[in-house]
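Structural overview for review
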Amino acid sequence: MEERWSTEHVLSLAPDASSQKAAGKLSSAAPWSGTGTDATAVWGECKGSGRTPYRTVIELATPAYQCSCPSRKFPCKHALGLLLLWSGSPEAVPAAEPAGWAAEWLEARRDRAEKRAAAPADPEAARRRAGKRAARVAAGAAELRLRLADRIRHGLADQSTAGPWEEVAARMVDAQAPGLATRVRELDTVPQERLLEEYAMLHLLATAATRIDELPAELAATVRTRVGYTLDAAEVLAGPTVRDRWLVLGSRTVPMEGGADERLTTRRVWLRGAKTGRTALLLAFGRPGQAPDLALPTGHLLEAELAYHPGARPLRAVLGTRYGAPGAGPAGPPAGLTVAEAVAGYGTAVADDPWLESHPVVLADVVPVHTPDDWYLTDGRHTVPVRASAVPEAALWRLAAVSTGRPLTVFGEYGHQGFAPVTAWPAGHRPVGLTNP
């Protein structure tokens, strides 16, 4: 039997709250006709204000959407409404062969994907561009080291001659080192007691950026990522891939901060391989009025190939070939660690990647505890603070509500600033997303 998404997951795809509300009004069978699904797509026609109904089709694997309505939001209310109908009323969206107009769009989408994969590349031009950028990054990193040394020379307490870091951040952007620019920009908000630590870590990264060719391959790849180098999905997929049945541990969608991209949103989706036990992070981005183009239901299993970005601690991955749509996951929670094991694991990870602020971990049998000042997770022997700044307060109260004082399994990101919960598995219940909109 086809596994359909939860209402919570469908609503998490909406670009904003108003789209969620509008979709709710279209989640009944009344305005729809010609609906159907073949387990890879959902389609239907929705009666609107005009004579011609809006034709809506959703490809479920990505997901991807197409609607004939004039909305500039993506997905539109019709796509969300149809998904809510498919999710909550299976009898209203029966199994069928795709309607002609839906099949045409799905086939055209597959053709475009095949053409992109077959597009020729110019390796010589790529090498020339890479050489020019490497020289600019090295020059920018060298300048940053001098700026940091100047600040130390004048003393951290003496800010009389120290202007804002924005000018230096702009120089790093000019040097094509956006990762350095982001870290530099954040220095203006770092508390005084942590400033020397941040200077030291940034100086270490800038030094590594000037000596990338001397570093071991895996560490060099990590430095490139931290500096701001990116790889196209096709480049990553050209390397080794890992096929597994991937459990969707959770997802988080948040605004991107800083620079011209501050109105973008980023969606982080974490997976764990059922056979390999490896964890992977998928990233997707959305522009204003458009939700990120990747959404996988928490707790489901997806058989697929992943390709990992290179690095000392490979985590970020690209989704390759899929072997069917996401299906029902295991009845119980995933295997987890004790608090002590999670802390030790983070220490090992930092030894490989000194700039690692947090990494994904599943905690087993922990209870959320709230004090007048902070939140904590405890397994009865050890306790970790919750990084409340990374999680809405409502999500923390929701975590407490699903726990009711009893141990539960929690997935999230643990680092030196604490644990940021993403998903909870109450005993005997389906996983509960804590950070979805």
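The sections below set out a description of the structure shown in this document. What you see is a predicted model, and the numbers here were worked out from it, not measured in a lab. (Residues numbered from 1 in each chain as written. Predicted model: local features only at pLDDT ≥ 70, side-chain atom pairs only at ≥ 80, totals over all residues. Heavy atoms only, no water.)

This next bit is on the packing of aromatic side chains. Throughout the structure, instances matching the rule amount to six aromatic pairs. Here the aromatic rings of tyrosine 346 and tyrosine 414 are separated by 5.6 Å at their centres, their planes lie at 85°, and the arrangement is edge-to-face. With tyrosine 346 in helix α11 (residues 339-352) and tyrosine 414 in strand β13 (residues 408-415), this pair connects stretches of sequence that are 68 residues apart. Taking 4.8 Å as the distance between ring centres and 80° as the angle between the ring planes, the aromatic pair formed by tryptophan 375 and tryptophan 397 counts as edge-to-face. Pair noted here: tryptophan 375 is in strand β11 (residues 375-378) and tryptophan 397 is in helix α12 (residues 393-403), with a separation of 22 residues, a long-range link. Residue tryptophan 375 is classed as buried on the basis of its relative accessible area, which comes to 8%. We note arginine 151 situated over the ring of tryptophan 165; from NZ or CZ to the ring centre the distance is 4.1 Å. (Phe/Tyr/Trp six-rings, centres within 6.5 Å; stacked < 30°, edge-to-face > 60°. Helix = DSSP H or I, 4+ residues; strand = E, 2+ residues; numbered from the N terminus. Buried < 20%, exposed > 50% of the residue type's maximum accessible area, 1.4 Å probe, protein only. Lys NZ or Arg CZ within 6 Å of the ring centre and 35° of its normal.)

For the rest of this paragraph, the subject is unusual backbone geometry. Residue proline 75 is bonded to the preceding phenylalanine 74 through a cis peptide linkage, with omega at 5°. By secondary structure assignment, the location of proline 75 is in the loop between β4 (64-67) and α3 (77-88). A positive phi angle, close to 60°, is found at glutamine 176, a residue other than glycine. Secondary-structure assignment places glutamine 176 in the loop between α6 (166-174) and α7 (178-186). The phi dihedral of aspartate 365 is positive, around 55°, even though this residue is not glycine. Relative to the helices and strands, aspartate 365 is located in strand β10 (residues 358-370).

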